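# Residue-level structural notes
These are the residues of each chain, in order.
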Amino acid sequence: MSSTTGPKQQRTGRTFFGQPFELSTPFAVELWERFSFYGMQGIVLIYMYYSLTRGGLGIDEGVATGIMGAYGGSVYLFTILGAWTADRLIGADRTLFGSAVVVMIGHIALALVPGVAGVGVGLVLIALGSGGLKATATTIVGSLYAPEDPRRDAGFSLYYLGVNLGAFAGPILTGLLQSALGFHFGFGLAAVGMAAGLVQYAVRRRNLPEAVQHVANPLPRSRYPLVAVLAVVGLAVVAVAVLTGLLTVSTLPLVVVVVVVVATVGYFVVILGSGLTPDERSRVFAFIPLFVGSAVFWSLYQQQFTVVTVYADQRLDRDLFGFEMPVSWVQSINPIMIILLSGVFAALWTRLGDRQPSTPTKFALGTGIMGVAFLLFLPFTGTGENGTPVIALVGILLVFTLAELLLSPTGQSVATKLAPPKFQTQMVALFFLSVSLGTAMTGVLSAFYDPEDEAPYFTVLGLAAVVVGVVLLAVARPVLRLMRGIR
């Protein structure tokens, strides 16, 4: 256990807000990565559907939201590739560093390559790199704690604070640059942010636990040719689908959903069929209802980047004392709330210790409260163009935040706790697959949103999430038993 809990920390006695000191390293790199990621994401949707005269590409609004959903789903889908690379080929540390380089190149492409080509190349590279970075950063955080360490959930909440510091600042600054100088300057700032994260990680990575350098389950050299063949075949299938018209911008969201579902089923089958002990197998089964609840939660939450962005552009009164707030600033409301409340949640879980709600209960509450957040849009339906006050959306996004703090840090934490030893990073990838499925679903669901008739959309999705939350609460005790001593 000493190799994974940070012997350097024990020698120096330093802590990071009461947590292992080296938590500051993934905290810092994720801060900058989220700065670039959310800064770009705050303006890329409106870049796609704004007219050419407004500096955009003039893509149909429904197609643009579908692309955003498919892109977001792909980010989390690519955690599979990142996790597999870390567990089987080069370890978590090298995977994270290489992925960050790919993300930076993607942002540079958005900034420098004009038109649809820049969006295509940029989003593919950012999705690929972000997938590898997300799974491995979470694994590195988990490596700093023993499984029974009561600080674990609080540590993930603190790590989440770093994520959201970057997510708050990114849309604010890229939105200002986009408004003043144009979209490509905003994308360029995102590239600079990712470069800052890379430099910081390069300087401090040597102080991380030795475990993150190791390959948990090395792939035999004899199987390298097979992997290369499968990669070529996969690329060929994508190329054929594009050339034959099976994969288009219109079908992309649904295709991503189908791919994620197939990948999820395959992943669970592979892990459960890999010679696990009875306790390990039981814990993987316990993860299945948590996966479902998480997917439902994210299918609503991630609409911040599709429906809520359109809502902010067309339905929100963005006048602030004579200054028109950039659309992207709405993306900073949730992160600032996370910054204010994550410490409160971390302190609460630390104070409660073993008396805090169990993980299945947190998942149930997070999913149900997310449904309530959608229902809170209903009083503002029919108020017309720019008819919703900013304070109303702030209140709704506060409920988004409370739901997120119950589920998201807890989900990353429980993935590392329930994981069989040889599937540590890949169980984190499974959690991110639930995010992928939910995010990809936003691309499908957003097509049904109509600013002229919003009530059915918010009612159906809100009530569906509440029902799922109630069901999860009803089965919380049986799921807890399957977790075999893990709460």
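Predicted model, so just to flag it, every value in this text is computed and none were measured. (Residues numbered from 1 in each chain as written. Predicted model: local features only at pLDDT ≥ 70, side-chain atom pairs only at ≥ 80, totals over all residues. Heavy atoms only, no water.)

## Some details on the pattern of salt bridges
Condition: Criterion for a salt bridge: a side-chain nitrogen of Lys or Arg within 4 Å of a carboxyl oxygen of Asp or Glu. The rule is simple: take the accessible area with a 1.4 Å probe, protein chains only, and divide by the maximum for that residue type; under 20% is buried, over 50% is exposed, in between is partly exposed.
A full pass over the atoms with the stated rule returns four salt bridges. A salt bridge links Glu33 to Arg34; its shortest N-O distance comes to 2.6 Å. Arg34 shares its class with Glu33; the two are buried. Linking Asp313 and Arg318 is a salt bridge whose minimum nitrogen-to-oxygen distance equals 3.8 Å. Relative accessible area serves as the criterion here: at 10%, Arg318 is assigned to the buried category. Residues joined in a network through salt bridges with shared partners are Asp313, Arg318 and Glu324.

## Side note on the packing of helix H14 (residues 359–375) against helix H17 (residues 455–474)
Two quantities define a packed helix pair, namely the angle between the helix axes and the distance between the axes. This is how it is decided: Under this scheme, a helix contributes an axis fitted over its contacting stretch, all axes are lines through C-alpha atoms, and angles between N-to-C directions fall in the 0 to 180 degree range. Numbering of helices and strands runs from the N terminus, with a helix taken as a DSSP run of H or I at least four residues long and a strand as a DSSP run of E at least two residues long. Here the angle decides the label: under 35 degrees means roughly parallel, over 145 means roughly antiparallel, 65 to 115 means roughly perpendicular, and every other value means oblique. A crossing counts as left-handed when the near helix is turned anticlockwise from the far one by less than a right angle, and as right-handed when that turn is clockwise. The contact rule is simple, with two residues in contact once any of their heavy atoms fall within 4.5 Å. The nonpolar class holds Ala, Val, Leu, Ile, Met, Phe, Trp, Tyr, Cys and Pro. Asp, Glu, Lys and Arg form the charged class, and all remaining residues, Gly among them, are polar.
Two elements in contact, H14 and H17, have axes separated by 7 Å at closest approach and are oriented at 165°. Judged on the interaxial angle alone, H17 and H14 are roughly antiparallel. Seen along the crossing, H14 lies across H17 with a hand that is left-handed. Across from Thr361, Phe363, Ala364, Thr367, Gly368, Gly371, Val372, Phe374 and Leu375 in H14, the residues of H17 making contact are Tyr457, Phe458, Thr459, Leu461, Gly462, Leu463, Ala465, Val466, Val468, Gly469, Leu472 and Leu473. For the contact of H14 with H17, the class distribution of residues is 14 nonpolar, seven polar and no charged.

## Examining a negative patch on the surface
The condition is simple: Grouping into patches uses exposed residues only, defined as over 30% relative accessible area, and leaves out salt-bridged ones; the cut-off is 9 Å for like charges and 5 Å for nonpolar side chains (Val, Leu, Ile, Met, Phe, Trp, Tyr). Using a 1.4 Å probe, the Shrake-Rupley method yields the accessible areas, and only the shown protein chains count as cover for residues. When charges are counted, neither His nor the chain ends are considered; positive counts come from Lys and Arg and negative counts from Asp and Glu. Here the site of a charge means NZ on Lys, CZ on Arg, CG on Asp, or CD on Glu.
A grouping of Glu385, Asp450, Glu452 and Asp453 is seen on the molecular surface, where their side chains present a negatively charged patch. On the basis of relative accessible area, Asp453 is assigned to the partly exposed category, the value being 45%.

## Observations regarding the confidence of the model for the chain
Test applied: Confidence scores labelled pLDDT are given residue by residue by the predictor and lie between 0 and 100.
Put simply, the chain has an average pLDDT of 83, and 95% of its residues get 70 or more. Considering only residues more than four positions removed or in separate chains, one finds that residues 1–12, a stretch of pLDDT under 50, has 24 contacts.

## Side note on empty space enclosed by the protein
The condition that has to hold: Both site types are read off a 1 Å grid over the protein atoms alone. A 1.4 Å probe that fits but cannot get out defines a cavity, while an open set with protein on both sides within 12 Å along at least five of seven lines defines a pocket; lining residues have an atom within 4 Å of a point. Grid points are joined across faces, edges and corners, and a volume is the space filled by probe spheres set on the points.
Applying the stated rule across the entire model yields three cavities of 30 Å³ or more. Secondary structure elements with two or more residues in the lining of the largest cavity: helix H3 (24–49), helix H6 (115–142), helix H7 (152–181), helix H11 (278–301), helix H13 (333–352), helix H15 (390–418) and helix H16 (424–445). Of all the elements, H7 adds the most residues to the lining of the largest cavity, at five residues. There is about 80 Å³ of room inside the second largest cavity. Residue lining of the second largest cavity: Phe37, Gln41, Met68, Gly69, Tyr71, Gly72, Tyr76, Gln302, Phe305, Thr306, Thr439 and Thr442, and that is the complete set. The set of elements that each furnish at least two residues to the lining of the second largest cavity consists of H3, helix H4 (61–77) and H16. Among the elements that take part in the lining of the second largest cavity, H4 stands out by supplying five residues, more than any other. Residue composition of the lining of the second largest cavity, grouped by class: five nonpolar, seven polar and no charged.

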